[in-house]
Structures are given as C-alpha cells and as structure tokens.
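Breakdown of the fold
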Amino acid sequence: FTIVITGTPGPSQLQIFQRQDKKPTMKYTPIALLLATAASSSASMAPHRMTHASLKSSPAASTTPLVDALHTTGLVAVTSVAGLSESKAGMLSNLPGCIADVESSSSVKVATAVLPDGTVRKSFASSAGPDGVTSSIKTVDDYLSSSAGRASSPSCEAFSSYADSFRAAVGRATSDFAGRLSSELGGSLPAPLVTASSGKAYGTVSDVVSGGTHLEHFHSYSKPVASGEEGETIELHTDQGLFIAFTPGLVVGSSEGEGTGLSGGFHVRDAEGRRTTVNFDEEDDLVFMIGDGANSLINERLGDKDGSKVLRATPHALSLPASDGARVWYGRMVLAPADLDGDRQALIERVKNGGAAKGVGCSGPDMTAIINSARELEADEEGHDYSGNGCAEDELYCWFRCQKLSDFGFAEGLTSENACLVSESKKLRFLEGNESDAGVAELKCVNPRLQVHPTGKGHGDYYPVCTTNSPETHPVTPYPAIEQQNEEVCDLASWEAFSNQGDYEHKVDLTQPDTENFDGSVLEGDETHLLYTVKDGKLHGRIVTDQVFGWLAFGLGNIGGKHNGMNGANVILAAPGPHATYSAATGLEVTDSQDPSTGSVAGYKIHEADSSFRHWAVPVTPDLADVSFEFDGCHTALTFEVDEINGQGFNFDGIDTLIWGANSQDYFVGYHGPTNRMIFDLDWGNGEILARSIDVTGEAPADEEVAE
C-alpha cells in the first residue's frame, strides 16, 4: 500500500504537541510533511530491467545499458535469475516463523529495533567473504543446534534450507553484475583500478567486489494496525557500500497459508529532486543499487570527459502502512576489500557514525547488526558486539573502530607495539613530558582534553597518541554543562515575545520530535523556527530556538556529502565566545553569553570528512555584515540578511537544501544531539519543506560513552 497526499496539508494533518509545563508546538506529522506536495509524492517509476542472461553477456559495441541506468537512477532490477525465485519465496516466507521460534528460546537472541514510526524490525545477519565464501547465519544455526531447535522448528529448517540455494544464486548474480559493470566502464577507469597499501593491485571493479566483504541481512518488519503510528519507517538516506543487492519487499500474511505479495512504500529521490515511488513487480528477482562507496572507488577515478558514466548513489526511503502481516526483505551490501585500508575503513566509519542515523540497506536507525558485521556480525544480549578483535598491527582500536596510526601523525610502518618506543620520529606525540618518556609512554585512545578511554569503546572525538596519561589519572568526563532555562522566567509568554519579533513572510517549523538519546534517556525537541522574507535578491531571515546558547548555525547543505550533506556544507555559526581563542581542549572563552560583543558570528565550511569542530574551526568568512545573534537568557536567535554563504549563493527561484544545528549543553562547539539538527529541502517561493532527513550525523556527543 502507498499513501499519497497531494496539495497543501490541511488542519487534519497537523498535530498539537504539549510538552510538560512548556509551550505547545505545532508541526506536521512526518508522513504529512514528507509527502506534503504533489510534486514530491505523486511521481512513480518502474526500474530499468535486465535479464540475468543479458547481464552475463557482453554488451553490444559502444553501448552501456547498465551504466546508463545506474547513471540516471542508480538502480537496476535483474529478472530471471536461475535458482532464485523459488528459493527467495521459500526463504522469506519462513523468516517470520523462524524468528518467532528463535525468540521462544531463552538461549538465542534475535537483534531487534523499534523504528521511528513504531515499526519493529527483527533481523538475522551473516556475511560472504572474498571470492564468495559465505558464513553461516549464526543466530539460526545456534538455535537449530540447541535443544529447543532440535525439538521442532519446521520454519527454521525450511528457512535454512532455502537460504543456502538463495545465497548461492545471489552470489552468482552479484559476481555477474560486477563483471558487466567492469566491462561497460572499460577504459574509463585506470588499470589497475586501485592498489592496496600492501602493494596488491585490484585491476577492475569485479576484482574489488570479489575481494570484498558482503554484509547480509534478513529483515522482518511488523507494524500492527492497532499501533496507530504514522510516519516514515526509514528516512531518506544513501547506503554506504559500493552497492547493495536486495530483494523487493514481500508481505507475508498473518494467517497460515496466506502466501506472500509485493510490499509497496519504497521511494527514491530522483535526479530532479522529486520523491518518486518505485514500482517493482513479481519478475524483479534482485535489485542492484549504487551506494556512497562508489564515489571514492569508481566515480573519482573515472576518465570520461562528459560525466556520462558517473554512477548515482541513490537516496531512498521506506514508508510502511500498518498491517497484521510482516514485510520481509533481504539485502547484501558490498564493501571494499579489507586491505584497501583507507577506502574500507572510511566505509565502515560511515556505517558506524550512522549508528543512530541512516540505514545500510534500509536497516534503519539501529545499525548494531551492520556495525558488528564489519568485524563480528552478530549482536550480543545488549545489542552490541564491538569486540575490537581483528585490528591490524598498525592500528589501535579507538572510537569503536580500528584507527590506522599513520592517519594520526605516526610514521608509516610503526605498529601498536613499537609506536611509542621510536624516539627519533618527530611524529610521535607525547602529551605530557618529552621524548625522554619513550619506553614509558603507551599508545592510548584519547580525546582533545587528554582524557583516556580505557577500552576504545566510546563515541566522540577520540584518536591514538603516545602518552603517560591513563584512564585512572585522566578518566573520561562529561563537558562542563551550561546553566539551563529557569522555567519560571522562560515561560510561554517570554517565548512568544522572543520568537515573534520582526515582520517575515514565511515561518517554517524546524522542531524535531522527542527521541531516545545514545544513553537511553529521552531528549525533547526544542521548538525552533525559520522566519524569512526574500527581498531584493537577499534572504532576510531569523532562526529562533527555545533553548539556551551553546552555538547556533544555519547554512546550505552539501548535496552528496557525508552525513547527508552536513560535511562540506557552508554555514553561518554563532557562538557565545570568540572563535579566535577556541580550543578543543578548553572550549570557548565565554565571558557573557548574552553580550554579542563578546561572542562571534562567522562563515564556516564544515570539513569534508571530519565532523568535529576542531577540524574546521578557522572561519572562511570571519567578518559577516548584517548577521547577528541574540540570547536573552532563555531563548536564542540568529538573524541574517545575506545572498550567499562563503560565496555559495541561494536559489531563491527554486529549491535549496538547507541545514541547521544547535547545542545548548556546553561551550565546546560539540555535538548537536539528535533533536537539534535537520537537513531539509525548502521551496523558497511557498515556504514548504519538500523532504526531511532528520539525522545529519549519528556521532554521539564527544567524550560520552554509549551504555554497553
């Protein structure tokens, strides 16, 4: 089923949310907002289709039908895959029953996540290694080998039996897809395509795919009719691998013998920026869709002069209606080979940083299974399995990943064992003492405040250094907190007086919904609005937010950049202290947060790869005219009259991708939190948001641990 809302949302599509002892907030429900206009919701498309036989054959001279489709839409459906259709239906139809049987056992756990619209997703996970060698589906195997599983589980026995032939067919099709892609790209790519740090050369795309790790997931989504929840199940995002192979979703009836049928609700953002429903049919055995990893490994290496072979990483989303049945789905994401350290670690890093954000293969907000599958696929009882096993000798496990030492100032060739013993290297970094500490200092995972994380299993701004500090002498502590609102003073009347200043033509609600924090606590979305008028070629605007002032920013999203366009974005950022004296170790020097003369407003470009402010703390435009901030002790505003940011102009006659963020917790220009950021497409003419991608980055607050 697909819900389509055309025209402007009416009063019935609005909700009033009342926070405890706070001001009422009016905002669109997510489904109404995301499908708010006819232009963004009524478009539909059928995927480009190729038979498996044609995929395996050589293309006709001077023709590139596969590349043409991937250039235009970023996806292609493959039909008539030998041995796949029957095994797919048998495997997926038995998935919900097998999951139910496993969950009835106390000895084996099933990875479970609750998605933003209330949909419950339960998952099995596995992988296929280099040259197609597949791992077992551990959850199922563990259950079948247990006493409960041996007793009786026809669903799991059938699922496992069908899965063997299904996975083999997917492996063959994936190999054929990579081979055809290599053939069509031909001389447009260098030979070899990429060389690992070890000197091993990968000649073609096909070589990279066969040498990489393929992460597999078997998902069952359920959204009972009685739940009453509305909204988007998986928000607009791009996948992080080279590409993903997936089956169109099937709906398994709740009654025995009902069979399966195709599920709707799969949407993409096409090349024109329109939200478009993809209409799969029963003949579509397997769909291949390009991910963000193709940008670095393929697109950046292309030699075609007209850009006609650039592969499009496809932004996509999923909206599921309530149903008494289950939607079942399979996906295989292809990562680069492990010895392509820079490329593969970048992909894995993006997956991990997307932990509370975008899904790999539509996995949704909880990326535990995917994150773990980079090293150890299955989740433990708490949903985490970040063991740190498997790091290479020239890496340190830090910030939930294996960090290569040479990426952090150490000389090439140093290992975790000798990095702190080589005193002649100028790249060794002793945080306390001097080079006489060689042999005493140890390699540690630290943050800019020189605090040491004991296990490396912490989110934040961490990296390897040699230091005599220890977790006992320099434990990780939270940032000093900003004094929050006095609710007796910061009441509804004060907010209305503050937020309604100025005469603006449009008012856009940017308030984010309440959400669960990384530590399990619930964070409230503070009321935030963009007020603006476009006049004489300039944006006369004001962002107001009902929170105290740590920092506040607004800017133009970087389409195609990391974290949905946050990285590489040009922004105006206001802070209550001067940017010139900022330090990642001590934060801002704040003397009076309510005095604009002691603060700063400047134009910045967020680093293309590194999100922490210390990587982009030097402003591109340090002095901005007609831009100011206001903080009255309760509420914060950023006011501006601009026609560009850092030389990047606005498209006032059409649509711009915009971004905003804020922090009211500390003076370290740190993490915005899950309720204080948004990237969105705004139609300037009517003041309507066309698409909302709530999560800009999944990075947790720096120096704050995730509960394990």
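What you see is a predicted model, and the numbers here were worked out from it, not measured in a lab.

A few words now on the overall build of the chain. The secondary structure content of the chain amounts to 15 helices and 39 strands. Across the 708 residues of the chain, 56% fall into the buried class. Intrachain contacts of the chain at a sequence separation of at least 6 include 70% that bridge at least 24 residues. Working note: accessible area of the chain is about 28,000 Å², and carbon and sulfur atoms make up 49% of it.

What follows is about the state of the cysteines. For the coordinates displayed, the defined rule picks out four disulfides. Cysteine 398 shares a disulfide with cysteine 445; S-S distance 2.0 Å. Taking the torsion about the sulfur-sulfur bond, which here is approximately 75°, the covalent link between cysteine 398 and cysteine 445 counts as right-handed. Residue cysteine 398 is located in the loop between β20 (395-397) and β21 (402-404), and its partner cysteine 445 is located in strand β22 (residues 442-446); the two are separated by 47 residues in the primary sequence. Residue class for cysteine 445 comes out buried when judged on its relative accessible area of 5%. Two residues, cysteine 420 and cysteine 466, share a disulfide whose sulfurs are 2.1 Å apart. In this structure, the disulfide formed by cysteine 420 and cysteine 466 twists by about -95° around the S-S bond and is classed as left-handed.

Our next topic: a negative patch on the surface. Together, Glu487, Glu488, Asp514 and Glu524 make up a region of like negative charge exposed at the surface. Counting through the fold element by element, aspartate 514 comes out in the loop between β25 (506-509) and β26 (515-516). With a relative accessible area of 44%, aspartate 514 lands in the partly exposed category.

Attention now moves to the nonpolar core. Core analysis: the largest hydrophobic core is formed by 60 residues, its most contacted members being Phe124, Phe159, Phe177, Leu181 and Phe288. A per-element tally of this core places helix α9 (residues 154-185) first, with eleven residues. Counting 32 residues, the second largest nonpolar core, distinct from the first, contains Val508, Phe650, Met678 and Phe680.

This part is about the sheet that holds strand β18 (residues 316-318). Here five strands make up an open sheet; going across it, the order is β3-β16-β15-β18-β11 and the pairing mixed. Looking at the sheet topology across the chains shown, the edges are occupied by β3 (43-45) and β11 (234-237). With direction set aside, neighbouring strand axes in the sheet form an average angle of 30°. Relative to β18, β11 is paired through two bridges, and the arrangement is antiparallel. Counterpart to isoleucine 234 in the pairing with β18 is leucine 318.

We now examine the side chain of arginine 180. Counting through the fold element by element, arginine 180 comes out in helix α9. For arginine 180, a relative accessible area of 5% corresponds to the buried category.

In space, the three strands of this open sheet follow the order β23-β22-β24, with antiparallel pairing throughout. Of all the strands in the sheet, the pair left with one neighbour each is β23 (452-453) and β24 (463-467). The sheet contact formed by β22 and β23 spans two bridges and is antiparallel. Bridge pairing links valine 446 to valine 452 in β23.

A word on α9. End to end, α9 covers 46 Å across 32 residues, agreeing with the expected 46 Å (1.5 Å per residue, within 8%). Taken as a whole, α9 carries its principal kink of about 30° at alanine 163. Trailing α9 by a residue or two, glycine 186 shows a phi angle of about 45°, which is positive.

This part covers the environment of histidine 214. Tracing the chain through its elements places histidine 214 in strand β10 (residues 214-223). Between the C-alpha atoms of histidine 214 and proline 337, which are 123 residues apart in sequence, the distance is 9.6 Å. Those residues within four positions of histidine 214 in sequence are excluded, and the remaining contacts are Ser126, Ser127, Ala128, Thr174, Val209, Arg332, Met333 and Val334. A distance of 2.9 Å separates the side chain of histidine 214 from the backbone oxygen of valine 209, its partner in a polar contact.

This paragraph deals with the pairing of strand β29 (residues 538-545). Burial within β29 is extensive, with six of its eight residues counted as buried. With eight bridges joining them, strand β28 (residues 528-535) and β29 adopt antiparallel strand pairing. Following the sheet pairing, tyrosine 532 is matched in β29 by glycine 541. Following β28, the chain reverses through two residues before pairing antiparallel with β29; aspartate 536 in that reversal takes a positive phi of roughly 55°.

It is worth spelling out unusual backbone geometry at this point. For residues other than glycine, phi is negative in most cases, and the peptide bonds are mostly trans. Here the residue pair alanine 191 and proline 192 is connected by a cis peptide bond, since its omega of -5° sits within 30 degrees of zero. The backbone of serine 80 shows a phi angle near 55°, a positive value even though the residue is not glycine. Along the chain, serine 80 falls in the loop between β5 (75-79) and α5 (85-93). Backbone geometry places aspartate 626, a non-glycine residue, at a positive phi of 60°. For aspartate 626, a relative accessible area of 49% corresponds to the partly exposed category.

Moving on: the packing of helix α7 (residues 138-145) against α9. As a packed pair, α7 and α9 sit with axes 11 Å apart at the nearest point and diverge in direction by 135°. Classified by the angle their axes make, α7 and α9 are oblique. Crossing hand, α7 versus α9: left-handed. The segment α7 lies against α9, with Val140, Tyr143 and Leu144 engaging Cys156, Glu157, Phe159 and Ser160. Its residues assigned to classes, the contact of α7 with α9 comprises five nonpolar, one polar and one charged.

Here we take up the side chain of histidine 267. Its location among the elements puts histidine 267 in strand β15 (residues 266-269). Side-chain polar atoms of histidine 267 contact the backbone oxygen of glycine 265, separated by 3.3 Å. Looking at histidine 267, its side chain comes within polar contact range of the side chain of threonine 277, at 3.1 Å.

Of the two faces of strand β12 (residues 243-246), the one carrying Phe243 and Ala245 and the one carrying Ile244 and Phe246 are both buried. In this sheet, strand β17 (residues 284-290) lies alongside β12 in antiparallel orientation, the contact comprising four bridges. The partner of isoleucine 244 across the bridge, within β17, is methionine 289. Strand direction decides the pairing type here: β12 and strand β19 (residues 323-334), joined by four bridges, are antiparallel. Bridging across to β19, phenylalanine 246 finds its partner in glycine 331.

With that out of the way, let us pick up the confidence of the model for the chain. For the chain, per-residue confidence averages 79 on the pLDDT scale, and 77% of positions sit at 70 or higher. Counting interchain partners and residues more than four positions distant, the pLDDT-below-50 stretch residues 1-41 has 94 contacts. This stretch, residues 423-436, has a pLDDT under 50; its non-local contacts, to residues over four places away or in other chains, come to 33 contacts.

Criteria and cut-off values
- Residues numbered from 1 in each chain as written.
- Predicted model: local features only at pLDDT ≥ 70, side-chain atom pairs only at ≥ 80, totals over all residues.
- Heavy atoms only, no water.
- Helix = DSSP H or I, 4+ residues; strand = E, 2+ residues; numbered from the N terminus.
- Buried < 20%, exposed > 50% of the residue type's maximum accessible area, 1.4 Å probe, protein only.
- Contact = heavy atoms within 4.5 Å.
- Areas by Shrake-Rupley, 256 points an atom, 1.4 Å probe, with all protein chains shown as cover.
- Disulfide = S-S within 2.5 Å.
- Patch = residues over 30% accessible without salt bridge, like charges linked within 9 Å, V, L, I, M, F, W, Y side chains within 5 Å.
- Salt bridge = Lys/Arg side-chain N within 4 Å of Asp/Glu carboxyl O.
- Lys, Arg positive; Asp, Glu negative; His and termini not counted.
- Charge placed at Lys NZ, Arg CZ, Asp CG, Glu CD.
- Core = buried A, V, L, I, M, F, W, Y, C linked by side-chain atoms within 4.5 Å.
- Pairing = 2+ DSSP bridges.
- Axes fitted to C-alpha atoms, helices over the stretch in contact; angles between N-to-C directions.
- Expected span 1.5 Å × (residues − 1).
- Bend = angle between axes of the 7 residues up to and from the residue.
- Polar contact = N/O pair within 3.5 Å; in protein donor to acceptor, adjacent residues only side chain to side chain.
- Parallel < 35°, antiparallel > 145°, perpendicular 65-115°, else oblique.
- Left-handed = near helix turned anticlockwise from the far one by under 90°.
- Nonpolar A, V, L, I, M, F, W, Y, C, P; charged D, E, K, R; others polar.
- pLDDT = per-residue confidence, 0-100.

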